[in-house]
Structure formats: C-alpha cells, structure tokens
Amino acid sequence: MRDYLKDLVEHTHDLGCIDLIKITGDDKTTAIVGVAEDLSVVLEGEFKNPHPDFIGTFGMPNLNKLKILLNLQEYKENAKLKLTKKATGAPDGIEFENAGGDFRNTYRFMAAEIVNDKLKTPKFKGVTWHIEFEPTVAAIQRLRMQAQANAEEPNFQARTENGDLKFFFGDHSTHAGNFVFHSGVNGQLKRAWSWPAVQFMAIMALTGDKTIRISDDGAAKITVDSGVAVYNYILPAQSKWWQKHIYARLLDWQHGDW
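Once a new chain begins, its residue numbering starts again from 1 and follows that chain's sequence as written. In view of the model being predicted, local features appear only for residues whose pLDDT reaches at least 70, and side-chain atom pairs are presented and counted only at 80 or more, with totals across whole chains, interfaces and linings using the full set of residues. Heavy atoms throughout the structure, all of them, feed into the side-chain values; hydrogens and water do not.

## Observations concerning the sheet that holds strand β7 (residues 104-108)
Whenever strands of a sheet pair, they do so through backbone hydrogen bonds, lying parallel or antiparallel.
Here comes step 1: The three strands are arranged β5-β6-β7 in an open sheet whose pairing can be described as antiparallel. At either margin of the open sheet sits one strand with a lone partner, and together these are β5 (80-85) and β7. Across the sheet, the mean angle separating the axes of adjacent strands is 20 degrees when strand polarity is ignored.
Here comes step 2: At least two bridges found by DSSP between two strands are what make those strands a pair. Under the DSSP-based scheme used, a helix requires at least four consecutive residues in state H or I and a strand at least two consecutive residues in state E, with every element numbered from the N terminus. Here five bridges tie strand β6 (residues 91-97) to β7, and the two strands are oriented antiparallel to one another. From the neighbouring strand, Glu-97 faces β7, where its bridge partner is Arg-104.
Here comes step 3: Contact between two residues is taken to exist if any of their heavy atoms lie within 4.5 Å; hydrogens are not considered. Lines fitted to C-alpha atoms define the axes here, with helix axes fitted over just the stretch in contact, and angles between the N-to-C directions of these axes take values from 0 to 180 degrees. Set on the sheet, helix α2 (residues 63-71) makes contact with β5, β6 and β7; between it and β7 the angle comes to about 150 degrees.

Here is the structure:
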C-alpha cells in the first residue's frame, strides 16, 4: 500500500494545486479524480493494477498530512499500514504503526457523500488532438530555463511554425522569450492558446513517461505513466473567458459556481 500512496501523493499533492482527490474502486479498477482549486487542471487517473483495499468511493483530503506521515522516519522501515473500515464496510482511513508498535497515527478518509459534494466530477467531452508527442528531457529543461527567465509571465503560448512546436513567453510590449519545445511535430496549431506555466512545469517534473497532446480547440492533455498508475492531466486553455466558455465546451462540468 505504501508504494501506491506515495505515488498518489507525488502525482496529486506535489503539483501544488490539488489537495483533495476522490477514489472509486472495485475488483477491476481503481480510479482517481482531482480538480485544481482554480480549475486549471483536471486529473483523471487509474492504477495499472487495482488495489484490493481501495474498494468503494471515498475522498483523500489534506494530502499534505498524508505526505508527512509517509515520510516520517518512524515509518521508513518495517512500518505497518492498515486500512480501516466503517461498520458498513466502506473505507474509513489508514492506521500507521512503526515497527516497535509504540508510534501511531491515523489518516482519515472523507465519506463518499461528502467528497461527492465537495469534488464534482467533470466528464471530459473529448476533442481532436492535433499535436501528440513525447517530450524529451532536454526540452523540459529548456522550458524550465525560459520560465525562470520570464518568471513574471503566468502563462505561455504554444504555436507551430515550420513543423516545430514553439513556446512563447510575453509579447512585443514586454520582455519576451521563445524556444522550440519539440521539432518535427505532425499537425498544426492555428490558434495561439495560452497555458499555465507553473502547472505545466509541475506535471513535467513528475516521475514517469510522458505524452503531450494539444488540441486547437483549447485543450491540452498530459499523460504520465508512473509504473504504478496512469495519470491524465487535462488543462483547458487560459483566457479571460476560459472558465465559463472553454470549460463548458470541453467538460460536462457540474460545478455551478462561476
């Protein structure tokens, strides 16, 4: 269980914008859903092999606390992690106990009815992906350098020029920078959509093999295969009207609070 939990924490909490996820599991699948507080990222994931303890629907709140518990020295070696259940059989939490049995903590899950209310599950309607590729380590490093050089810019634009995918920070009226993120892409982006730099780079920093898909309809999807799970991060394009209009076009969104 420990490996599953650490993988979950890295690929959700460590983004810096998700602190509550919903788990829905049965004997065939264990699905993960999360939404950034500012709606900049929607996460849909699934364990490659379903976890037998994660049966039912429950929330995992306060992921920072879970990360702390997983990294405490007392639980580094030979610790006992036990999933507890309610009288109904629904998952209730995780009990941590060190090897000596004299150091204990409890991490409590969120009940299904509460997490269903707090975390509305958006359903991605689907788009045509015009660009698809696997980013290189060098490209990710160059992105970090450009973002550092243009730290005042919260977003960057993605455009294709002469078969290359280029990222642009700033514009002609400000300090600006651009670079080729991936050469020889198939497909074109005719619209200059903007994407959130911090969230995009946080996903790029995650452990696992990555595939980037970008649609000219205003959506990007980054798939990360960690070996334990496959995580799909959907990023609607950023604009003054993106919350209402792009979300409505891309997602069956039931949030209601614009």
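That covers the picture; the talk isn't over yet.
## Regarding the packing of aromatic side chains
Here comes step 1: For Phe, Tyr and Trp, rings pair up if their centres lie within 6.5 Å, where Trp contributes its six-membered ring, and each pair is then called stacked (planes under 30 degrees apart), edge-to-face (over 60) or tilted (otherwise). A complete count under the given rule lists 17 aromatic pairs for this structure.
Here comes step 2: Ring centres 4.5 Å apart and planes at 40 degrees place the aromatic pair Phe-156 and Phe-167 in the tilted group. A residue pair is termed long-range when its members are at least 10 positions apart, and Phe-156 in strand β10 (residues 155-161) and Phe-167 in strand β11 (residues 164-169) qualify at eleven residues.
Here comes step 3: According to the relative accessible area criterion, Phe-167 is buried, its value standing at 1%.
Here comes step 4: Ring plane angle 75 degrees and centroid distance 6.5 Å describe the contact between Phe-181 and Phe-200, whose orientation is recorded as edge-to-face. Burial status follows relative accessibility: with a 1.4 Å probe on protein chains alone, a residue under 20% of its type maximum counts as buried, one over 50% as exposed, and anything between as partly exposed.

## Remarks on helix α4 (residues 137-149)
Here comes step 1: Over its 13 residues, α4 extends 19 Å from the first C-alpha to the last, a length consistent with the 18 Å expected when each residue adds 1.5 Å.
Here comes step 2: Among the residues of α4, those classed as buried are Ala-139, Ile-140, Leu-143, Gln-146 and Ala-147. An end-on view of α4 places all buried positions within 120 degrees of arc, on one side of the element. Projecting away from the buried face of α4 at angles above 90 degrees are the exposed residues Val-137, Gln-148 and Ala-149.
Here comes step 3: Taken together, the buried residues of α4 touch β11, β12 (177-182), α5 (197-204) and β14 (209-215). In this scheme, a helix's expected span is set at 1.5 Å multiplied by one less than its residue total. Along the arc lie the directions from the helix axis toward the C-beta atoms.

## A closer look at unusual backbone geometry
Here comes step 1: Phi angles above zero are rare outside glycine, and Leu-39 is one such case at about 65 degrees.
Here comes step 2: Looking at the element boundaries, Leu-39 is found in the loop between β2 (30-35) and β3 (42-47).
Here comes step 3: Of note in the backbone geometry, Asn-62 takes a positive phi value of approximately 45 degrees without being a glycine.
Here comes step 4: For Asn-62, a relative accessible area of 38% gives the class partly exposed.

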